[in-house]
Amino acid sequence: MKFIVIGISDAPEPSFSSEVLEVIKQGKIFSGGKRHHEIVAPLLPADAQWIDITTPLDAVFLQYQSLTSDIIVFASGDPLFFGFANTIRRKMPEAEILLYPTFNSLQLLAHRLVIPYHDMRIVSLTGRPWPEFDKALIERTAKIGILTDKEHTPATIAQRMIDYGYTSYQMHVGEHLGNPTLEKITTLSLEEASQRDFSHPNCLIIESLGQLSQRTFGIPDADFTLLDGREKMITKMPIRLLTLQALELRKKNVFWDIGFCTGSISIEARLQFPHLQVCAFEIRPECEAIIQENIRKFGAPGIDIHIGDFLRTDLSALPHPDAVFIGGHGGHLKEIMAKVKTVLSDNGCIVMNSVKAPLVKTDSHQLWDEACQELGLRQAPPTTRIILNENHPIEILKAYYHPDK
């Protein structure tokens, strides 16, 4: 099967080369979105068959697979730029594809603004969640081109940036690019953009207004909002960084922080490893406001927060972790580790910090050893032991789950 994919802009009267016009003239079966159909309808042969591209896409591809003729598809901009040609390649990898691209919307916006875009990072929020955009912000990307949809609008994007402290940017918004009547280009501050409505379709480019602040390697403990102001209710920065090292987060995908309290481990992990999906669990409801405040203070969007007893939490809809930190267990360490094992990815790891204090009756290290033996977890030697100032010794314990061993 052969697909001929033709890129078009939002212009109501498209301008095609003679080669493309001849392809359309000879065509029999055409496809595209409803807006594309409205634009190209005058150019189609009288007996043309049109297939609307609508969700669910599986139904559309079932129609394609029942055909024997070439299919001419109209798609916005460059069909390989987050476009429909990629969908064809994924759904029908054996199909032949011939492309006639045009400028994509972000190229058009850069052209109108005379902004070089070779160094621009591209993020699509069209039918996609926030993680890639959040990652670009955390990594202090100076220039970001963003494809939007009706939920991820310029206003909601600007407000998210304000909420998490990424305010050293200006926003360029392009509406109906390529349409000589409706096209509009606007440059605004984030505050202005957050208060405006913009017509759809649109895209935007955000540019830094100067040198962006650099991420610190380790957040000072005194900068965190604490639980009841209690300094001992936070994993101290040197321990925090050693813990993240033990978790090997650079090569992990999903990290769970069980017993987050102030959120220091989750936030440090999010900032140092912004590719991670971070899920944070805490039984105390008053900690939700604390972690939210700290997340905004340090610019760490995208942490998935769960309040309640971990042992009663439904985990079925959550991504399975390949790294887990147990920051608090309330005397139920074995039960928590057993539940974690049911969802831990193969070769995933669990890390816990054990404090040996003279007045503490329960030896968490002993509980850890017993749990690892009972659950078939392989402990990773040697144990890291550290003493900070006059505090009690802390041991960083680590175990792996190898289902085949």
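Read on for an overview of the structure. (Residues numbered from 1 in each chain as written. Predicted model: local features only at pLDDT ≥ 70, side-chain atom pairs only at ≥ 80, totals over all residues. Heavy atoms only, no water.)

1. Side note on the overall build of the chain
Moving on, step 1. For the chain, the count of helices and strands is 13 helices and 18 strands.
Moving on, step 2. Burial statistics for the chain: of 405 residues in total, 50% are counted as buried.
Moving on, step 3. Looking at the chain alone, contacts between residues at least 24 apart form 67% of all its contacts between residues at least 6 apart.
Moving on, step 4. Here the chain displays about 20,200 Å² of accessible surface, and carbon together with sulfur accounts for 50% of that area.
Moving on, step 5. Taken as two groups, the 40 positive and 49 negative side-chain charges of the chain have centres that lie 4 Å from each other. (Helix = DSSP H or I, 4+ residues; strand = E, 2+ residues; numbered from the N terminus. Buried < 20%, exposed > 50% of the residue type's maximum accessible area, 1.4 Å probe, protein only. Contact = heavy atoms within 4.5 Å. Areas by Shrake-Rupley, 256 points an atom, 1.4 Å probe, with all protein chains shown as cover. Lys, Arg positive; Asp, Glu negative; His and termini not counted. Charge placed at Lys NZ, Arg CZ, Asp CG, Glu CD.)

2. Observations regarding unusual backbone geometry
Moving on, step 1. Of note, the amide linkage connecting Thr55 to Pro56 takes the cis form, showing an omega dihedral of 0 degrees.
Moving on, step 2. The omega torsion of the bond from His200 to Pro201 falls at 10 degrees, within 30 degrees of zero and hence cis.
Moving on, step 3. Its identity is not glycine, yet Phe82 carries a phi of approximately 50 degrees, on the positive side.
Moving on, step 4. Among the secondary structure elements, Phe82 is positioned in the loop between strand 4 (71-76) and helix 4 (84-91).
Moving on, step 5. Even without being glycine, Val114 reaches a positive phi, approximately 55 degrees.
Moving on, step 6. If you trace the backbone, Val114 turns up in the loop between helix 5 (105-113) and strand 6 (121-124).
Moving on, step 7. Look at Val114 and you get exposed, because its relative accessible area is 70%.

3. Examining the side chain of His36
Moving on, step 1. If you trace the backbone, His36 turns up in helix 2 (residues 34-40).
Moving on, step 2. Residue His36 is classed as buried on the basis of its relative accessible area, which comes to 10%.
Moving on, step 3. Once residues within four sequence positions are removed from consideration, His36 is found in contact with Ile8, Trp50, Phe74, Ala75 and Ser76.

4. Notes on the pairing of strand 8 (residues 169-175)
Moving on, step 1. With six of seven residues buried, strand 8 lies mostly within the body of the structure.
Moving on, step 2. Here strand 8 pairs with strand 10 (residues 202-208) via seven bridges, running antiparallel. Opposite His172, over in strand 10, you have Ile205 as the bridge partner.
Moving on, step 3. Here strand 8 pairs with strand 9 (residues 184-189) via six bridges, running antiparallel. Looking at strand 9, one finds that Val173 is bridged to Thr186. (Pairing = 2+ DSSP bridges.)

5. Some thoughts on the packing of aromatic side chains
Moving on, step 1. One pass over the full model with this rule turns up twelve aromatic pairs.
Moving on, step 2. Taking 6.4 Å as the distance between ring centres and 35 degrees as the angle between the ring planes, the aromatic pair formed by Phe16 and Phe74 counts as tilted. Linking Phe16 in the loop between strand 1 (2-8) and helix 1 (18-26) with Phe74 in strand 4, this pair joins segments that are 58 residues apart in sequence.
Moving on, step 3. Classification of Phe16 as buried rests on a relative accessible area of 15%.
Moving on, step 4. Put simply, the rings of Phe3, Phe61, Tyr64 and Phe84 touch in pairs and so form one group of aromatic residues. (Phe/Tyr/Trp six-rings, centres within 6.5 Å; stacked < 30°, edge-to-face > 60°.)

6. Thoughts on the sheet that holds strand 5 (residues 96-100)
Moving on, step 1. Strand order in the open sheet made by the five strands is 3-2-4-1-5, with parallel pairing throughout. Among the strands making up the open sheet, the edge pair consists of strand 3 (49-52) and strand 5. Looking at each pair of strands side by side, their axes are set apart by 25 degrees on average, direction ignored.
Moving on, step 2. Helix 3 (residues 57-65) contacts strand 1, strand 2 (29-32), strand 3 and strand 4 of the sheet and is inclined by roughly 155 degrees relative to strand 3. (Axes fitted to C-alpha atoms, helices over the stretch in contact; angles between N-to-C directions.)

7. Remarks on the environment of Thr167
Moving on, step 1. When you line up the elements, Thr167 lands in the loop between helix 7 (154-163) and strand 8.
Moving on, step 2. Look at Thr167 and you get partly exposed, because its relative accessible area is 47%.
Moving on, step 3. When the C-alpha positions of Thr167 and Thr342 are compared, they lie 42 Å apart, and in sequence the two are 175 residues distant.
Moving on, step 4. In contact with Thr167, not counting residues within four places along its chain, are Met161, Ile162 and Leu190.

8. A closer look at the pattern of salt bridges
Moving on, step 1. Within this structure, the stated rule accounts for 15 salt bridges.
Moving on, step 2. A salt bridge links Arg112 to Glu183; the shortest N-O distance between them is 2.7 Å. Of this pair, Arg112 sits in helix 5 while Glu183 sits in the loop between strand 8 and strand 9, and the two are 71 residues apart along the sequence.
Moving on, step 3. Under the relative-accessibility criterion, Arg112 is labelled partly exposed at 39%.
Moving on, step 4. One salt bridge in this structure joins Asp134 and Arg160, with 2.9 Å as the shortest N-O distance. A residue pair is termed long-range when its members are at least 10 positions apart, and Asp134 in helix 6 (residues 131-138) and Arg160 in helix 7 qualify at 26 residues.
Moving on, step 5. One continuous salt-bridge network, built from bridges that share partners, spans Arg121, Lys135 and Glu139. (Salt bridge = Lys/Arg side-chain N within 4 Å of Asp/Glu carboxyl O.)

9. Things to note about the sheet that holds strand 7 (residues 143-147)
Moving on, step 1. What the five strands build is an open sheet, ordered 6-7-10-8-9; its pairing is mixed. Strands at the two margins of the open sheet, each flanked by one partner only, are strand 6 and strand 9. Neighbour-to-neighbour, the strand axes of the sheet open up by a mean angle of 20 degrees, direction not taken into account.
Moving on, step 2. Pairing geometry for strand 6 and strand 7, over four bridges, is parallel. Note that in strand 7 the partner of Val123 across the bridge is Ile146.
Moving on, step 3. The strands that helix 6 touches are strand 6, strand 7, strand 8 and strand 10; relative to strand 6, the one it contacts most, it runs at about 150 degrees.
Moving on, step 4. Most of the contacts of helix 7 go to strand 8, to which it runs at about 170 degrees, and overall it touches strand 7, strand 8 and strand 10.

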